[in-house]
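Listed below are the residues making up each chain.
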Amino acid sequence: QVQLVESGGGVVQAGGSLRLSCAASERSFTPLAMAWFRQAPGKEIESVAAISWMGSNTYFADSVKGRFTISRDNDKKMVVLQMNSARPEDAAMYYCATSQTTNNASGSSQAYDYWGQGSQVTVSS
């Protein structure tokens, strides 16, 4: 059973930075595309960023372009979301996800097979 273990959530001041990490626990599993989504209270889940296996293709939601970066370490089966210039509207539960079938850096939740448990991000003003 593939598990995605997230870490790094917490409270960040508006304008500050926060780093979220997510690693796949199953040794025999090769994560292809990896992504981050988020869901704020009362809102639908939305895509944040995605990255292909080699990191050559990335996707960013318009709301985070120029502020967030996504990277991965395939040896560690890990994906990292670096959040910079945090805004109050970035506050949400953040979920990492990975696909075992597609390498497209997709912003669609349907492209992903496995999901993390969620990591809360709070932005203080």
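Note: the structure precedes this text.
Residue positions are given per chain, counted from 1 along the sequence in the order it is written. In keeping with the model being predicted, local features are shown solely for residues with a pLDDT of at least 70 and side-chain atom pairs are shown and tallied solely at 80 or more, while totals for entire chains, interfaces and linings include all residues. For the side-chain quantities, the full set of heavy atoms in the structure was used; hydrogens and water were omitted.

Novice: Sorry if this is basic, but what is going on with the packing of aromatic side chains here?
Specialist: Each pair of aromatic rings is reported with the distance of its centres and the angle of its planes. Note on aromatic contacts: the rings of Phe and Tyr and the six-membered ring of Trp form a pair at centre separations within 6.5 Å, being stacked when their planes are under 30 degrees apart, edge-to-face when over 60 apart, and tilted otherwise. Summed over all chains, the structure comprises three aromatic pairs. On the numbers, 5.3 Å between centres and 80 degrees between planes, the contact of Phe29 with Tyr114 is edge-to-face. Of the two residues, Phe29 is situated in the loop between strand S3 (18-24) and strand S4 (34-39) and Tyr114 in strand S10 (residues 114-115); the sequence distance between them amounts to 85 residues. Only protein chains enter the accessibility calculation, which uses a 1.4 Å probe; a residue whose area is less than 20% of its type maximum is buried, one above 50% is exposed, and one in between is partly exposed. Phe29 gets classed as buried once you look at its relative accessible area, which sits at 6%. Ring centres of Phe37 and Trp115 lie 4.9 Å apart, and the angle between their planes is 50 degrees; this geometry places the pair in the tilted category. With Phe37 in strand S4 and Trp115 in strand S10, the pair connects residues that are 78 residues apart, well separated along the chain. By relative accessible area, which is 2% here, Phe37 ends up buried. A network of ring pairs unites the aromatic residues Phe37, Tyr112 and Trp115 as a single cluster. A run of H or I in DSSP becomes a helix once it reaches four residues, and a run of E becomes a strand once it reaches two; helices and strands are each numbered from the N terminus.

Novice: Explanation requested: the sheet that holds S3 in the structure shown.
Specialist: Whenever strands of a sheet pair, they do so through backbone hydrogen bonds, lying parallel or antiparallel. Criterion used throughout: strands pair if DSSP finds at least two bridges between them. What the four strands build is an open sheet, ordered S1-S3-S8-S7; its pairing is antiparallel. The open sheet terminates on both sides in strands that have one partner only, identified here as strand S1 (4-7) and strand S7 (68-73). The sheet shows a mean angle of 15 degrees between the axes of neighbouring strands, direction not considered. Examined bridge by bridge, S1 and S3 share four bridges and lie antiparallel to one another. Each residue of the ladder has a partner; that of Val5, found in S3, is Ala23. To get an axis, fit a line to the C-alpha atoms, keeping to the stretch in contact for a helix; angles then go from 0 to 180 degrees between the N-to-C directions.

Novice: Help me understand unusual backbone geometry in this model?
Specialist: Both trends apply: most residues other than glycine have a negative phi, and most peptide bonds are in trans. Residues other than glycine seldom take positive phi values, yet Lys77 does so here, at roughly 55 degrees. For Lys77, the location among the structural elements is in the loop between S7 and strand S8 (78-83). When its relative accessible area of 16% is taken as the criterion, Lys77 is described as buried. In this structure, Ser85 is a non-glycine residue whose phi angle is positive, near 50 degrees. With respect to the helices, strands and loops of the structure, Ser85 is situated in the loop between S8 and strand S9 (92-98).

Novice: I'm lost on the environment of Gln117 in this one. Help?
Specialist: Within the fold, Gln117 resides in the loop between S10 and strand S11 (119-124). Residue contacts for Gln117: discarding those within four places in its chain leaves Leu4, Val5, Glu6 and Tyr95. Working rule for contacts: check all heavy atoms of both residues, and any pair within 4.5 Å makes them a contact.

Novice: Sorry, what's going on with the state of the cysteines here?
Specialist: By definition, a disulfide links the sulfur atoms of two cysteine residues through a covalent bond. Note on terminology: pairs of cysteine sulfur atoms within 2.5 Å are recorded as disulfides. All chains considered together, the criterion is met by one disulfide. Here Cys22 connects covalently by a disulfide to Cys96, the sulfurs 1.9 Å from one another. Because the sign of the S-S torsion sets the handedness, a value of about 45 degrees for the bond joining Cys22 and Cys96 places this disulfide among the right-handed ones. Pair noted here: Cys22 is in strand S3 and Cys96 is in strand S9, with a separation of 74 residues, a long-range link.

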